[in-house]
Amino acid sequence: MLIETKGETVVSRKGSRFSSLPDAAVDEIFALNHAYATDTHPEKVSLGIGVYRTPEGKPWPLPSVQKVEEQMLLENDPARHEYLPIEGDRVFLDLARDLMFGFNHKKAGETPAEKEAKRRIASVQTISGTGANHVGAMFLAQHLKPKHVWISSPSWPNHQTIWELQGVPRMSYPYFDAVTRSFDFEGMMRTLEAEAQEGDVVVLHACAHNPTGIDPTKEQWKAIADLCQRKGLFPFFDSAYQGFASGSVAEDSWAVRYFFNLEPRMEMCVAQSFSKNFGLYGQRVGAFHLVTNGENPAEQELVTKNLCHIIRGEYSMAPRAGSTIVKRILGDDHLRAAWQRDLDVMSSRIKKMRQALYDELVRLKTPGNWEHIITQNGMFSYTGLTLRQVLALRTQYHIYLLKSGRASISGLSDNNVAYVAKAIDDVVRTVV
């Protein structure tokens, strides 16, 4: 604003246009990790961030991944920094799709039925699983226009943020029974049956539910699929732990494959991450798959074009290096076998640490039933600890886990599991 004063021009400045911005929540996981990093206590333990760690608490680059990285370094390919197409690396996408949906990854062994089934799926490369969730949510918000999106309570917090940004009303379905520390199957089914409307999106965790570590049984998955099909709901699978959870890529994608192969055909989508199962956390490798009913063969290309339109306006295209690593491993039988051994190492160590924590709590006769520690699956455990107990673990023992009581089991080791169990035993007995 300009103001004239005795022949002089005086600039009157108003407050900043951004002074009334709403406060934005700080991401708890990264804030917790920062607090852990700055803690100097010699016995500190990080059970917060969801990354695999060695028994020494160090990052573990997968040997299969390191082998490919060494090959790429020797090749010194001048095209290694070139742009990818907007939709991503086509060979990577085909291999990622085949891994998720259970197709034969060798073209020579492809059956006519597989070729037809693959034509139902439009795939694009994304910036890891978060990018896949975001691109998928934006696409569905624009073109499916759901009245609501249904997200489990609790769920990965970013599910709420991603759908909030799309302006789609968010609804919650029960998932965790705090009393029994088990899956609230009846509550989920009752809520969706009574309240979900045709065309609504239902976010489902393909395996190793984050944060609870509790998955439906196969019979329960069948009932969920039947409900979605009967009510015309749109399943949105988030798959972040395929192969990492159980050690079997087939077992960890069972629900996705079951939904995909149902008759009559169901339309659905999958956000696929390679952060956990390839240890490529910082490379941001992901894929989004939109599944049609296949009645119109032209839809695959049409969906891909619309997804590319979103990607071009968001980030143009995904990174090249990480997807090249995944592509080479999945496309080579020897490297694929080596990767499977890496999955076995990670999944078996997580299971071993679950058992060790449970055994130690039993030995200490810690009040309560702790069987949920070993019946839960994957990287995380919903421990059942209260907020006050979690905070006491942090202040008294320098053990860091989320306020909800979610613990990352990969932070446990033979060196610290007894210490963690003793700390839990103490806060359970002394902190209400």
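Keep in mind that what you see is a predicted model, and the values were worked out from it rather than measured.

Caption draft 1: Region of the structure containing the nonpolar core. Residues Tyr241, Phe278, Trp339, Leu357, Leu393, Ile399 and Ile424 are the most contacted members of the largest nonpolar core, which totals 60 residues. Elements that contribute at least two residues to this core include exactly α2 (63–75), α3 (90–101), β12 (285–291), α13 (321–330), α14 (333–363), α16 (387–397) and α17 (417–430). With nine residues, the single largest contributor to this core is α14. Dropping the residues within four chain positions of it, isoleucine 424 is found in contact with Leu357, Leu361, Trp370, Leu385 and Leu393. With 36 residues, the next largest nonpolar core counts Ile214, Ala225, Leu233 and Val291 among its residues.

Caption draft 2: Expanded view of the environment of asparagine 293. By the element assignment, asparagine 293 lies in the loop between β12 and α12 (299–314). Considering only alpha carbons, one finds asparagine 293 and methionine 266, 27 residues apart in sequence, at a separation of 6.0 Å. Contact partners of asparagine 293, with chain neighbours within four places excluded, come to Arg120, Arg265, Glu267 and Glu299. There is a polar contact of 3.0 Å between the side chain of asparagine 293 and the backbone nitrogen of glutamate 295.

Caption draft 3: Molecular detail of the packing of aromatic side chains. If you walk through the whole model with that rule in mind, you get 21 aromatic pairs. Residues tyrosine 36 and tyrosine 400 carry aromatic rings whose centres are separated by 5.8 Å and whose planes lie at 80° to one another, so their mutual orientation is edge-to-face. In this pair, tyrosine 36 sits in helix α1 (residues 28–38) while tyrosine 400 sits in strand β14 (residues 399–400), placing the two residues 364 residues apart along the sequence. A connected cluster of aromatic rings, assembled from ring pairs, spans Tyr52, Trp60, Tyr241, Phe244 and Phe380. Above the face of the phenylalanine 260 ring, arginine 120 is positioned so that its terminal group lies 4.4 Å from the ring centre. One Lys or Arg, arginine 181, reaches over the ring of tryptophan 370 and ends 5.2 Å from the middle of that ring.

Caption draft 4: The arrangement of α12 in detail. For α12, with 16 residues, the first-to-last C-alpha span of 23 Å sits near the 22 Å given by 1.5 Å per residue. Here α12 has its buried residues at Val303, Thr304, Leu307, Cys308, Ile310 and Ile311. For α12, the buried positions fall inside an angular range of 160° around the axis, keeping them on one side. Exposed residues lying more than 90 degrees from the buried face of α12 are Glu301, Leu302, Lys305, His309, Arg312 and Gly313. Contacts from the buried residues of α12 go to β4 (121–127), α5 (128–143) and β12. Positive backbone phi, approximately 70°, marks serine 316, located one or two places after α12.

Caption draft 5: Summary view of unusual backbone geometry. Here the amide bond leading from serine 153 into proline 154 is cis, since omega sits at 5°, within 30 degrees of zero. Mapped onto the secondary structure, proline 154 falls in the loop between β5 (149–153) and α6 (157–166). Look at the link from glutamate 263 to proline 264: it is a cis peptide, with omega at -5°. Here proline 264 lies in the loop between α10 (254–260) and β11 (268–273). A positive phi is found at arginine 181, a non-glycine position, where the angle reads about 55°. Of note, arginine 181 is situated in the loop between β7 (176–177) and β8 (182–183).

Criteria and cut-off values
- Residue indices follow the written sequence of each chain, beginning from 1 at its first position.
- Given that the model is predicted, a residue must reach a pLDDT of at least 70 before its local features are reported, and side-chain atom pairs must reach 80 or more before they are shown or counted; all residues, however, enter totals for whole chains, interfaces and linings.
- Values reported for side chains reflect all heavy atoms of the structure, with hydrogen atoms and water molecules removed beforehand.
- Among buried residues, those of type Ala, Val, Leu, Ile, Met, Phe, Trp, Tyr and Cys that are joined through side-chain atoms within 4.5 Å constitute a nonpolar core.
- Think of it in three bands: residues with accessible area under 20% of the maximum for their type are buried, residues over 50% are exposed, and the middle band is partly exposed, with areas taken using a 1.4 Å probe on protein chains only.
- Secondary structure counts use DSSP, requiring at least four H or I residues in a row for a helix and at least two E residues in a row for a strand, with both numbered from the N terminus.
- We call two residues in contact when some of their heavy atoms are within 4.5 Å.
- Any pair of N or O atoms that falls within 3.5 Å is considered a polar contact. Within protein, one atom must be able to donate a hydrogen and the other to accept it, and sequence-neighbouring residues count only if both atoms are side-chain atoms.
- Any two of the Phe, Tyr and Trp rings considered here, Trp counted by its six-membered ring, make a pair once their centres fall within 6.5 Å; the pair's planes then place it as stacked at under 30 degrees, edge-to-face at over 60, or tilted in between.
- The rule for a charge over a ring is simple: NZ of Lys or CZ of Arg within 6 Å of the ring centre, and within 35 degrees of the ring normal.
- Any helix carries an expected span of 1.5 Å times its number of residues minus one.
- Note that the arc is computed from the directions linking the helix axis to the C-beta atoms.

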